[in-house]
Amino acid sequence: TENSLIFLEEIELKGDPKQDLIDASSRAFKNNKHYYTMLILSNHGWGILDPKYNSDTDQWEINTESTSNYRSLKYLEENKRHKGFMFNKTTKNYLNNQELIGSLNYIKTNLLNGKNLDIVAFDTCMGSMLEIAYQISPFVNYLVGNQSCSLPDGFDYQGVISALNKQNNPINTIKDMVQAFDNYYKKNDSSGVYTHAGLDLSYTNEIKETLDAIITQLLDIPEINQIL
C-alpha cells in the first residue's frame, strides 16, 4: 500500500537454495506488474569462495588450493564464520556460485521473458566481489553490496524502502541505497570500515579484459614471477 508494506503470504522453504530462490522469484515476478525488478539476498556469504562444512571441526572451510595466491592467511582465519549465500542453519547447505548462476538464468529466461534483472543486492559478506559481478552480469544490470565483510546490522532497510518509494530508475535507486547505507554506518559505526558500492555490470567485461592485460604484463616481469 502507499508508504507501507502488508504481509500477504509466505513461501515455504524446501531446503534446496536454488529452487527456493526460483520459487520466491516466481511469486514475486510472475503475477505482478512492474517497471523494474530487484532481488535482495540476505544471510551469509563468502563471495566466490564456496565453503564446505567440516563436521569434525564444526566449521566452514574453503579449499586452500583455491586460495594459494591470497596474501593474507590471517584474513582467511578471521573469516571462518563466513558461510555461503542464503545459508540454511538446519540443513547446512547454501546457494553456491553455480546454483546462483543457474537460478538467475532461470529467472531471466522463464520469469522475465529474457530480460535482465535490474538490480541484485547482496545483504551479505562479499556479495559485491568482482568475481561475483562477472558471473552474474549476463543476467543482471546492477549489483549492490559489499566487497569485503558486512557489519552485523546489514542494510538500512528504512533507507532502502525510502529509495524505492521515490520510484526512480535503477541507477538512481542504487545510488540512494548506497547513500542510505553510508548515512547509517557513519552514524552507527565509528570504525568506518566497509566497502559498500553499486556497480554497473555493463562494464564488467571491459574491467575483466583490462585486469587480464595487466596481469599478463606483470607475469612477464621476472621479479614478479619470483614473488609468485
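A few points on the structure. (Residues numbered from 1 in each chain as written. Predicted model: local features only at pLDDT ≥ 70, side-chain atom pairs only at ≥ 80, totals over all residues. Heavy atoms only, no water.)

## Some points on the overall build of the chain
Then step 1. Summing up its helical and strand segments, the chain has 8 helices and 8 strands in all.
Then step 2. In the chain, buried positions account for 36% of the 228 residues.
Then step 3. Taking the contacts inside the chain whose residues are at least 6 apart along the sequence as the reference set, 66% of them involve residues at least 24 apart. (Helix = DSSP H or I, 4+ residues; strand = E, 2+ residues; numbered from the N terminus. Buried < 20%, exposed > 50% of the residue type's maximum accessible area, 1.4 Å probe, protein only. Contact = heavy atoms within 4.5 Å.)

## Brief notes about the sheet that holds strand β6 (residues 117–123)
Then step 1. Here we have 4 strands laid out as an open sheet, ordered β1-β6-β7-β8, and mixed in their pairing. Of all the strands in the sheet, just β1 (38–42) and β8 (196–200) have a single pairing partner and so form its edges. Looking at each pair of strands side by side, their axes are set apart by 15° on average, direction ignored.
Then step 2. By the bridge criterion, 4 bridges tie β6 to strand β7 (residues 140–146) in an arrangement that is parallel. (Pairing = 2+ DSSP bridges. Axes fitted to C-alpha atoms, helices over the stretch in contact; angles between N-to-C directions.)

## Things to note about the packing of helix α5 (residues 157–165) against helix α6 (residues 170–188)
Each pair of packed helices gets described by two things: the angle between the helix axes and the distance between those axes.
Then step 1. Two elements in contact, α5 and α6, have axes whose closest approach is 9 Å; the angle formed by their N-to-C orientations is 155°. By the angle class used here, α5 and α6 are roughly antiparallel. Considering the relative orientation of α5 and α6, their crossing is right-handed. Where α5 approaches α6, its residues G159, V160, A163 and L164 are matched on the opposing element by T173, D176, M177 and A180. (Parallel < 35°, antiparallel > 145°, perpendicular 65-115°, else oblique. Left-handed = near helix turned anticlockwise from the far one by under 90°.)

## Some thoughts on the packing of aromatic side chains
Then step 1. Counted by the stated rule, this structure contains 5 aromatic pairs.
Then step 2. With centroids separated by 4.4 Å and ring planes inclined at 40°, the aromatic side chains of F181 and Y185 adopt a geometry described as tilted. Note that F181 and Y185 are positioned in helix α6 at a spacing of 4 residues, about one turn of the helix. For the pair F181 and Y185, one class covers both residues: buried.
Then step 3. Pairing Y184 with Y185 gives two aromatic rings, centres 5.0 Å apart and planes at 80°, and the pair type is edge-to-face.
Then step 4. Taking the relative accessible area as the measure of exposure, Y184 reaches 23% and is therefore partly exposed.
Then step 5. Ring pairing ties together the aromatic residues F155, Y157, F181, Y184 and Y185, which thus form one cluster.
Then step 6. In this structure, K83 packs its charged tip against the face of F87, placed 5.3 Å from the ring centre. (Phe/Tyr/Trp six-rings, centres within 6.5 Å; stacked < 30°, edge-to-face > 60°. Lys NZ or Arg CZ within 6 Å of the ring centre and 35° of its normal.)

## Digging into the environment of M129
Then step 1. Position of M129 relative to the elements: it lies in the loop between β6 and α4 (130–136).
Then step 2. You can call M129 buried: its relative accessible area is 11%.
Then step 3. In this structure, the C-alpha to C-alpha distance between M129 and G145, residues 16 residues apart in sequence, is 8.5 Å.

## As for the side chain of H196
Then step 1. Its location among the elements puts H196 in strand β8.
Then step 2. Residue classification places H196 among the buried residues on the basis of a relative accessible area of 12%.
Then step 3. For H196, the side chain forms a polar contact with the side chain of N146, separated by 2.9 Å.
Then step 4. In this structure H196 touches V144, G145, N146, Q147, F155, M177, V178 and F181, once residues within four positions along its chain are discounted. (Polar contact = N/O pair within 3.5 Å; in protein donor to acceptor, adjacent residues only side chain to side chain.)

## Here's the deal with the pattern of salt bridges
Pairing of side chains with opposite charge becomes possible as their charged atoms draw close.
Then step 1. Under the counting rule described, the total for this entry stands at 4 salt bridges.
Then step 2. Salt-bridge contacts for K14 lead to D23; the nearest nitrogen and oxygen are separated by 2.7 Å.
Then step 3. With a shortest N-O distance of 2.9 Å, K208 and D212 are connected by a salt bridge. On the criterion of helical spacing, the pair formed by K208 and D212 is a turn pair, its members being 4 residues apart in helix α7 (residues 204–219). (Salt bridge = Lys/Arg side-chain N within 4 Å of Asp/Glu carboxyl O.)

None of this, on its own, says anything about what the molecule does.
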